[in-house]
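Take a look at the letters that make up each chain.
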Amino acid sequence: LRGDDSRIIMDAALEFLRHSTDAERPFFAVIWFHAPHLPVVASSADRKQYQMHDKYTQHYLGSITALDRQVGRLRSELARLGAADNTLLMFCSDNGPEGKDNAPGIAKPLRGRKRSLYEGGIRVPGLAVWPGRIKPGSETSTPACTHDYLPTILAAADADYPDARPLDGIDLSPVFANPAVKRRRGIGFQSGNQIAWIEDRYKLYGISPGSKKDLQNQKLRYELYDLTVDPREATDLASREAALLQDKISRFQAWQDSCRRSLEKGP
């Protein structure tokens, strides 16, 4: 396990892909990179091109370069194996950046950072490659979340969902075919003493004054934002849009109840 961690992780992933293609078996892989998560450490070779920066930034940028190289290896190997055209490749971050003065990465102009359910903590770029199914260079403003991955994969594989519990996500295939397609289902988050519900153009944000127990008892202070005109979440509409606020609260609570029932039923 010596050397760059992105390379070590990709070595294992590529071995799995080769075994699968040699056996003519469909494959699914989650390749979870560490970089550029703290602590950021890059090789001297990858730091060399960033010598105009301080040592910390050299490591940060160098680790991203190393990660990028490994994504390139993945795509090259899929092409060599003849599997590129029949493989959906998706890439995103798990959350926003650390965003502190002594840590790399900032979410500006968005509000918040990692561990926050403001946009700076949850809005990250997402990339998808699927030759013949997604037009190269296309973009969409339709929001998506990692809980959309399961229904999208089920649809791509033409597979049934072997569970009675509801799926929170949507199949993204229509968005792949037409980036103008609008999302018709909300996206919910719950973390620590915070909640968020994003639906249409509006976002509900809530925070409890104390512990997670307060969150479960619905003791929250709510805020409401129009993300289409206010992605920085600077103007709270909660006081002037009482009816809309209550509608979003009700929709979030319905989603929360659905998650709770799924947990109770178990796998």
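Residues numbered from 1 in each chain as written. Predicted model: local features only at pLDDT ≥ 70, side-chain atom pairs only at ≥ 80, totals over all residues. Heavy atoms only, no water.

**Thoughts on the overall build of the chain**
How we decide: In this description a helix means any DSSP run of H or I spanning at least four residues, a strand means any run of E spanning at least two, and both kinds are numbered starting from the N terminus. The buried label applies to any residue whose accessible area, calculated with a 1.4 Å probe on protein chains only, is under 20% of its type's maximum; exposed applies above 50%, and partly exposed to all values in between. The protein chains shown are the only cover counted for residues, whose accessible areas, like all others here, come from Shrake-Rupley with a 1.4 Å probe. Counting rule applied: Lys, Arg positive; Asp, Glu negative; His and chain ends not counted. For the purpose of locating charges, the reference atoms are NZ of Lys, CZ of Arg, CG of Asp and CD of Glu.
Scanning the chain from terminus to terminus reveals eight helices and six strands. Walking the chain from its N terminus toward its C terminus, one meets helices and strands in the order α-α-α-β-α-β-α-α-β-β-β-α-β-α. Looking at the chain as a whole, 35% of its 267 residues qualify as buried. A total of about 16,400 Å² of accessible surface is found on the chain, and carbon and sulfur atoms cover 53% of it. Averaging the locations of the 38 positively and 34 negatively charged side chains of the chain gives two centres separated by 4 Å.

**Focus: the sheet that holds strand β5 (residues 202-207)**
Put simply, the rule reads: Pairing between strands requires that DSSP locate at least two bridges from one strand to the other. Angles run from 0 to 180 degrees between N-to-C directions of axes, and those axes are lines fitted to C-alpha atoms, restricted for helices to the stretch in contact.
The strand order across the open sheet built from four strands is β3-β4-β5-β6, with neighbouring strands paired in antiparallel fashion. The open sheet has two edge strands with one neighbour each: β3 (187-191) and β6 (221-226). Geometrically, the sheet is characterised by an average inter-axis angle of 10° between neighbouring strands, direction not taken into account. Bridging between β5 and β6 involves six bridges; their strand directions are antiparallel. Bridge pairing in β6 places Leu204 opposite Leu224.

**Brief notes about the packing of aromatic side chains**
Aromatic rings in a pair are described by how distant their centres are and how their planes are angled relative to each other. Short version of the rule: The pairing test for Phe, Tyr and Trp rings, Trp by its six-membered ring, is centres within 6.5 Å, and the orientation test on the planes gives stacked under 30 degrees, edge-to-face over 60, and tilted for anything in between.
One pass over the structure, following the stated rule, counts four aromatic pairs. Seen in terms of ring centroids, Trp130 and Phe176 are 6.3 Å apart; in terms of plane orientation they differ by 90°. Their pairing is edge-to-face. Taken as a pair, Trp130 in the loop between β2 (126-129) and α5 (149-156) and Phe176 in helix α6 (residues 173-177) lie far apart in primary sequence, 46 residues in all. A residue is classified by how much of its surface remains accessible, and Phe176, at 13% relative accessible area, is buried. Between Phe252 and Trp255, the ring centres sit 5.6 Å apart and the planes meet at 45°, which makes this aromatic pair tilted. Separated by three residues within a single helix, Phe252 and Trp255 lie in helix α8 (residues 242-265), roughly one turn from each other. Here Phe252 matches Trp255 in class, with each residue buried. Cluster of aromatic residues (ring-pair linked, three or more members): Trp197, Phe252 and Trp255.

**Concerning unusual backbone geometry**
Omega for the bond connecting Ala35 with Pro36 falls within 30 degrees of zero, at -5°, which places this linkage in the cis form. The amide bond that connects Lys108 to the next residue, Pro109, takes the cis arrangement and shows omega of 10°. By secondary structure assignment, the location of Pro109 is in the loop between β1 (89-92) and α4 (119-122). Backbone geometry at Glu24 places phi at a positive 55°, although glycine is not the residue there.

**Side note on the nonpolar core**
Rule in force here: Residues belong to one nonpolar core when they are buried, are Ala, Val, Leu, Ile, Met, Phe, Trp, Tyr or Cys, and are joined through side-chain atoms within 4.5 Å. Working rule for contacts: check all heavy atoms of both residues, and any pair within 4.5 Å makes them a contact.
One finds Ile195, Leu204, Tyr222, Leu224, Leu245 and Phe252 to be the most contacted residues of the largest nonpolar core, which totals 13 residues. Looking at this core, the elements with two or more residues in it are β4 (194-199), β5, β6 and α8. When residues in this core are grouped by element, the largest group, four residues, is from α8. The residues contacting Phe252, other than those within four sequence positions of it, are Phe189, Gln190, Ile195, Ala196, Trp197 and Leu204. Ranked by size, the runner-up nonpolar core spans 10 residues in total, among them Leu14, Leu17, Leu74 and Ala83.

**Points about the pattern of salt bridges**
As a reminder, the rule being used: The rule for a salt bridge is simple: a side-chain nitrogen of Lys or Arg has to be within 4 Å of a carboxyl oxygen of Asp or Glu.
Scanning all chains against the criterion turns up 18 salt bridges. A network of salt bridges, in which partner residues are shared, links Glu119, Arg123, Lys203 and Glu233.

**Brief notes about helix α3 (residues 55-80)**
To keep it simple, the criterion reads: The span expected for a helix works out to 1.5 Å for each residue beyond the first. In protein, a polar contact requires one atom able to donate a hydrogen and another able to accept it; more generally it is a pair of N or O atoms within 3.5 Å, and residues adjacent in sequence count only if both atoms are side-chain atoms.
End to end, α3 covers 37 Å across 26 residues, agreeing with the expected 38 Å (1.5 Å per residue, within 8%). Those residues of α3 that sit buried are Gln58, His59, Tyr60, Gly62, Ser63, Thr65, Ala66, Leu67, Gln70, Leu74, Glu77 and Leu78. The N-capping residue of α3, defined by a side-chain oxygen 3.0 Å from the backbone nitrogen of Tyr56, is Asp54. Gly82 lies just past α3 and shows a positive phi near 75°.

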